[in-house]
Protein chains: 2
Amino acid sequence: MKITIAAAIGLLALSVTEAVKVNPLPAPVTIQWAKTGAVKVDNNFKIVGPNHDILNKAYARTASLIKSERWTPVTWERPAAEFPPFPVLGKRGDEEESDAAPAENANNGKHSLKTIQVHVSDLKADLQHGVDETYTLDITAAGQGTIKAKTVWGALHGLQTLNQIVISDGKSGLQIEQPVHIADGPKYAHRGVLYDTSRNFYNLKSLYRQIDALAYSKMNVFHWHITDNQSWPVEIKKYPQMTKDAYSPREVYTQKDIAAVIKYGRERGVRVMPELDMPGHSSSGWLQVDKKAVTCADSWWDNDGWTHHSAVQPNPGQLDIAYEGTYKLIKDVYRELTGVFTDNFFHVGFDELHTYCYNYSSYSQDWFKKHPGATYPDFAQYYIDKALPIFQDKPSRRLVMWEDVVLSPDFPAKSVPKDVIMQSWNLGVDNIKKLAHKGYDIIVSSADFLYLDCGHGGWVTNDPRYNVNSPPPLPKAIQDAFDANPSSYYPASNNYLGSGASWCDPYKTWQRIYAFDFTEGLTAEEAKHVIGAEVAMWSEQADSTNIDTKVWPRTRATELSARIQDFRERLVDRGILAAPLVPKYCLQHPHHCDLFRNQTAWGK
Amino acid sequence: MKITIAAAIGLLALSVTEAVKVNPLPAPVTIQWAKTGAVKVDNNFKIVGPNHDILNKAYARTASLIKSERWTPVTWERPAAEFPPFPVLGKRGDEEESDAAPAENANNGKHSLKTIQVHVSDLKADLQHGVDETYTLDITAAGQGTIKAKTVWGALHGLQTLNQIVISDGKSGLQIEQPVHIADGPKYAHRGVLYDTSRNFYNLKSLYRQIDALAYSKMNVFHWHITDNQSWPVEIKKYPQMTKDAYSPREVYTQKDIAAVIKYGRERGVRVMPELDMPGHSSSGWLQVDKKAVTCADSWWDNDGWTHHSAVQPNPGQLDIAYEGTYKLIKDVYRELTGVFTDNFFHVGFDELHTYCYNYSSYSQDWFKKHPGATYPDFAQYYIDKALPIFQDKPSRRLVMWEDVVLSPDFPAKSVPKDVIMQSWNLGVDNIKKLAHKGYDIIVSSADFLYLDCGHGGWVTNDPRYNVNSPPPLPKAIQDAFDANPSSYYPASNNYLGSGASWCDPYKTWQRIYAFDFTEGLTAEEAKHVIGAEVAMWSEQADSTNIDTKVWPRTRATELSARIQDFRERLVDRGILAAPLVPKYCLQHPHHCDLFRNQTAWGK
């Protein structure tokens, strides 16, 4: 996701030289435009290839979208306009390049492209982690179009790129601006978004829209954080009472719904990775089956007194890992869900386990009495030793857990198998390095860069910390310390340039997401352990109404602004309410909204 | 907008005593529920009253919405559940109150309400600032319903309240939970939202949705910041070339469109107050007519060198106030717009005027040569003396300007008539106090509380300040200063608990908006100068896709969470994509998401 400013300028120069407007997102590994003129695309062009259920649908969907969309780029890379030297006297400089539609120079239709031929060498490779997703896409001056891929899933990406490069010819037709050779494949095998459907519910329609947007941007994992403390929205046939803790009977995903979401994702190359968060973040649902399996649910969550601190947010509740019945319940629920979710990856949680919560459990108190000298890490290990054999249900299974299970300062387990994938969310590159050094594969979701909920303030209610009518007085000693130490730090208070009660403030902008160099400081060997990244859409303040605007387009942050800005316009055109990143002026006047005119000026 | 925690608790006690679920928003001045049982509302009930075009539509609209909505409160005020003392041993406490629909106890239909009678004593009072908006609403046990208002505009509010209190009877019918007497009227005459349609364009459909939401929440001003530097989206018949600087031909409000928006607002009691921002924030549009009327448009905006600093954001441009032709142009445009906008208030801008921009103007340089010893305040006064007579076009006209015209540190005018209303956006209560002390009427829009765009990061592109992979090292002297001075300040950096390149970070949550006590420190005489408040939806990162979620429901922040949370659910039900403020768990478990269980604990 990282590119230096110097490299950005390099790319800018490149694209200006090449003088095409389309700018596929994400940037293909290799893209070589010819200069022989536009290739006309026949209005009745067809995509043909292997007869395969998923591909057949994709051929039709892609051709139909290209024809209905007939895209005209809204913005593309160009240099900023020149300005006369300062000071000047009331005269406007040269007019900028016109924003007119792409010029028509399409070989007079001599060689119009009538067919895109898709070749796939292995039609059987399953959509699982690590499957080959590479493809090549060639459009020749003679009007031939070819997508070649090893697998169905690579071919789907090729079709997405095709969709992005076929644009309006400025009249009623279609064109590709120049013959082109593209060879592409992902840098990381795991590229996802975490959706949290427990804090607030997302209707099915909004989930399908998200999968569309993931596919458009060649992301391939829908991480479904399906349950948490606040509600239990998933049908479990063995324990139908669990959905008493759904927000309402309408706010439930039936197993049929889940299968439909998985199918929808699969048809678009998007895996659905389930997460059942345990043993923390667990109360709703579970306690409808067996109240003894959950402890501290019936406590106040926090803040009135630290001896009662049982959760980082309302509502409290953790699985009682000292109670034997808990494991039967986990086993039943896990087994049923593994029958629904088809992915080899299964995320089994383990974030933010709180020690104090177990003060509320007689089973846990008894466990510590029976194990004199035992620590909380021993207690965590007791859970791991009992639970992991349940989760590790088949050779192809790979488990994912939050990094807390090995990096929690007070409640880690002592020994976790190295084949468990760790999802990292704390302390940025420091924790990634620690996990890689220990030998774990890693999914990067560092909160400082990739948490999409950050920066919207605190959501807990009746919070008196907001009742501050003016900035508090700044003690002179603190002002003096800052004056004496010009640094990148400055004094902030909660409501004034400070966190505003959002623990991971500020908001993560597309530039921040993009700037994250998450393998910094890793050895080459360690870097191999990073299997990919996910942004996380924690949903205390998100549901079907605002999911689009919170996730898109910043999730697909990329180098240079024109690429992401034009992509945003397309998403909106396709019915996804992606938020605007800038005034539209900036799309129409490339680089005029850059912070610096001289982009090498900063930090020198 | 302010209520103390103690008062909040008082209200809570009150509503529990009264045992009704509906909680009209905003809270009526007086609301007295009886205890004699629900009043059944006939499924075919009618609203009747004076035969008046606007009221006739409102009778039909209100009755239709009540019948189709048949609202069941999603949340209502209740005390938090009790918890057993700590530590406890694995047992759940008392079950909470059921979330079932309101009980039916509707007098067996003996006295069902068949007619709401509306009385209006003055049908002619125009919708202008200060018009009487009071009303009473009475529902008796005998099934009589009456709304009394002095004006049409008060009656409209009464109908909104009626809409909020008629709910489902839990079966297929309607009810009002108890007979009730309501006497209500606004505390402030001016209650608005600023919409900026220049940075990004809002389609008409989204503007209508906003007016709906304003009316639902009894707000009465749609402040239309129609133009700015980035685009000119408004048709001017005398100068049709101005909309060459619209983002596209589709992104233009014709005068017919504007008249339709005004009519739509008027039918719902919402005034449309136009703003033509001048002489700062002016380039697009104007320079299509006369390039000499705009200076510094052809410069780089900022940051590469402060001698070139010509604007706070891209793109630069200010009206050249030393050029005589500017005034003719202003006059023509202003005259045409006053023929379209019917409100007596007209906002004529004057925020963020930059001195350096005039370095680019030969006219301005000449002006300073002709006026030796003149200062920028003299130059600003030159503009005021020439422009205000143009704007002050009729006795009923009241002009509104940004406070900068009197409070700018470097570019204020020297003398501005006291009948100009000042809109305050800087420094919270300090500037309000200053303006009131000077004798100006004030519209409060303090950025630290009421700017809805804040906290979403910096939007200017290619900003290298985001390229920080780990928190910068904290100098020991600074850490020591903080350790020695425990205060409400703490060290923050741009990307770590700091502003994230958002100048007015953090994000303004509903609790922050509500907590603002904007008359603090004013004398009774000064407080009379506060005529109301507006939240401001600056739109660098907002357009039709996300306007709903950015504005609603926090704009109508109010005391106690159940009131605003249920209102949010209604907005969503009515098609306005108001954002969720909390996990739905918090709606179903009142007060369980409060920061403190003991709400008097903080700050002691």
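Structure shown above.
In this text the structure is predicted, and so the values were computed from the model without any measurement.

Visitor: Please set out the pairing of strand E11 (residues 271–278) of chain B residue by residue, giving values where relevant.
Guide: All names here are of chain B. Counting buried residues along E11, 8 of its 8 residues qualify, which places the element largely inside the surrounding structure. Side chains Arg271, Met273, Glu275 and Asp277 of E11 all project onto a buried face; the interleaved residues Val272, Pro274, Leu276 and Met278 project onto the opposite face, where all are buried too. Examined bridge by bridge, strand E10 (residues 221–225) and E11 share 5 bridges and lie parallel to one another. Note that in E11 the partner of His225 across the bridge is Glu275. Chirality of the crossover, the property in question, places the unit of E10, helix H5 (residues 255–266) and E11 among those that are right-handed. Bridge analysis of E11 against strand E14 (residues 345–349) gives 2 bridges, and the strand direction is parallel. Bridge assignment links Glu275 to a residue of E14, and that residue is His347.

Visitor: Would you mind going over the sheet that holds strand E3 (residues 113–122) of chain A in detail, with residue names and values included?
Guide: The 8 strands are arranged E1-E8-E4-E5-E3-E2-E7-E6 (chain A) in an open sheet whose pairing can be described as mixed. Of all the strands in the sheet, just strand E1 (30–33) and strand E6 (167–168) of chain A have a single pairing partner and so form its edges.

Visitor: Can you tell me about the relation of the copies chain B and chain A, naming the residues and giving the values?
Guide: With an RMSD of 0.0 Å, the fit of chain B onto chain A corresponds to turning through 180° and sliding 0.0 Å along the axis. Here the two chains are linked by the operation of a two-fold rotation axis. Looking at chain B, 100% of its interface residues are interface residues in chain A too, so the copies touch through the same face.

Visitor: Could you give me a rundown of the environment of Glu336 of chain B, with the residues and numbers involved?
Guide: Residue and element names in this part refer to chain B. Among the secondary structure elements, Glu336 is positioned in helix H7 (residues 324–338). Taking relative accessible area as the criterion, Glu336 reaches 17% and is therefore assigned buried. Between the alpha carbons of Glu336 and Glu235 there is a distance of 9.8 Å; along the sequence they are 101 residues apart. Look past the residues within four positions of Glu336 in its chain and what remains in contact with it is Glu235, Ile236, Lys237, Lys238 and Gln255. Reaching out from Glu336, the side chain makes a polar contact with the backbone nitrogen of Lys238 at a distance of 3.1 Å.

Visitor: Give a detailed account of the state of the cysteines, specifying residues and quantitative values.
Guide: All names here are of chain A. For the coordinates displayed, the defined rule picks out 6 disulfides over all chains. Across the disulfide, Cys586 is cross-linked to Cys593 (sulfur-sulfur distance 2.1 Å). Residues Cys586 and Cys593 share a disulfide whose torsion about the S-S bond is about -80°; that sign makes it left-handed. With respect to class, Cys586 is no different from Cys593; both count as buried. Indicated for chain A is the disulfide connectivity 1-2, 3-4, 5-6, based on numbering the bonded cysteines in sequence order.

Visitor: Could you give me a rundown of the pattern of salt bridges, with the residues and numbers involved?
Guide: Residues and elements named next belong to chain A. Counted according to the given criterion, the structure contains 60 salt bridges over all chains. Lys414 is paired through a salt bridge with Asp378; the nearest N and O atoms lie 2.8 Å apart. Residue Lys414 is found in the loop between helix H10 (404–407) and strand E16 (421–424), and its partner Asp378 is found in helix H9 (residues 376–391); the two are separated by 36 residues along the sequence. On the basis of relative accessible area, Lys414 is assigned to the exposed category, the value being 57%.

Visitor: Please set out the packing of helix H8 (residues 362–370) of chain B against helix H9 (residues 376–391) of chain B residue by residue, giving values where relevant.
Guide: Residue and element names in this part refer to chain B. H9 packs onto H8 with a crossing angle of 110° between their chain directions and a minimal axis gap of 11 Å. As the angle between them shows, H8 and H9 are arranged roughly perpendicular. In the packing of H8 onto H9, the handedness of the crossing is right-handed. Counted together, Ser364, Trp367 and Phe368 of H8 and Tyr376, Asp378, Phe379 and Tyr382 of H9 form the full contact between these two elements.

Visitor: Could you give me a rundown of the sheet that holds strand E17 (residues 442–444) of chain A, with the residues and numbers involved?
Guide: All names here are of chain A. Read once around its circumference, the closed barrel built from 8 strands follows the order E9-E10-E11-E14-E15-E16-E17-E19, with strand pairing classed as parallel. Averaged over all adjacent pairs, the angle separating strand axes in this sheet is 30°, with direction ignored. With 3 bridges connecting them, strand E15 (residues 398–402) and E16 associate as parallel partners. From the neighbouring strand, Met401 faces E16, where its bridge partner is Met422. Lying on the sheet, helix H4 (residues 204–216) is in contact with strand E9 (190–196) and strand E10 (221–225); it crosses E10 at an angle near 150°.

Visitor: Which residues make up the environment of Phe83 of chain A, and what values go with them?
Guide: All names here are of chain A. Mapped onto the fold, Phe83 is located in the loop between helix H2 (53–69) and E3. The exposure class assigned to Phe83 is buried, which follows from its relative accessible area of 17%. Sequence separation between Phe83 and Ala246 is 163 residues; the distance between their C-alpha atoms is 60 Å.

Scoring rules and cut-offs
- Residues numbered from 1 in each chain as written.
- Chains lettered and ligands numbered in written order.
- Predicted model: local features only at pLDDT ≥ 70, side-chain atom pairs only at ≥ 80, totals over all residues.
- Heavy atoms only, no water.
- Buried < 20%, exposed > 50% of the residue type's maximum accessible area, 1.4 Å probe, protein only.
- Helix = DSSP H or I, 4+ residues; strand = E, 2+ residues; numbered from the N terminus.
- Pairing = 2+ DSSP bridges.
- Right-handed = clockwise from strand over helix to strand, strands pointing away.
- Least-squares fit on C-alpha atoms with pLDDT ≥ 70 in both.
- Contact = heavy atoms within 4.5 Å.
- Polar contact = N/O pair within 3.5 Å; in protein donor to acceptor, adjacent residues only side chain to side chain.
- Disulfide = S-S within 2.5 Å.
- Salt bridge = Lys/Arg side-chain N within 4 Å of Asp/Glu carboxyl O.
- Axes fitted to C-alpha atoms, helices over the stretch in contact; angles between N-to-C directions.
- Parallel < 35°, antiparallel > 145°, perpendicular 65-115°, else oblique.
- Left-handed = near helix turned anticlockwise from the far one by under 90°.

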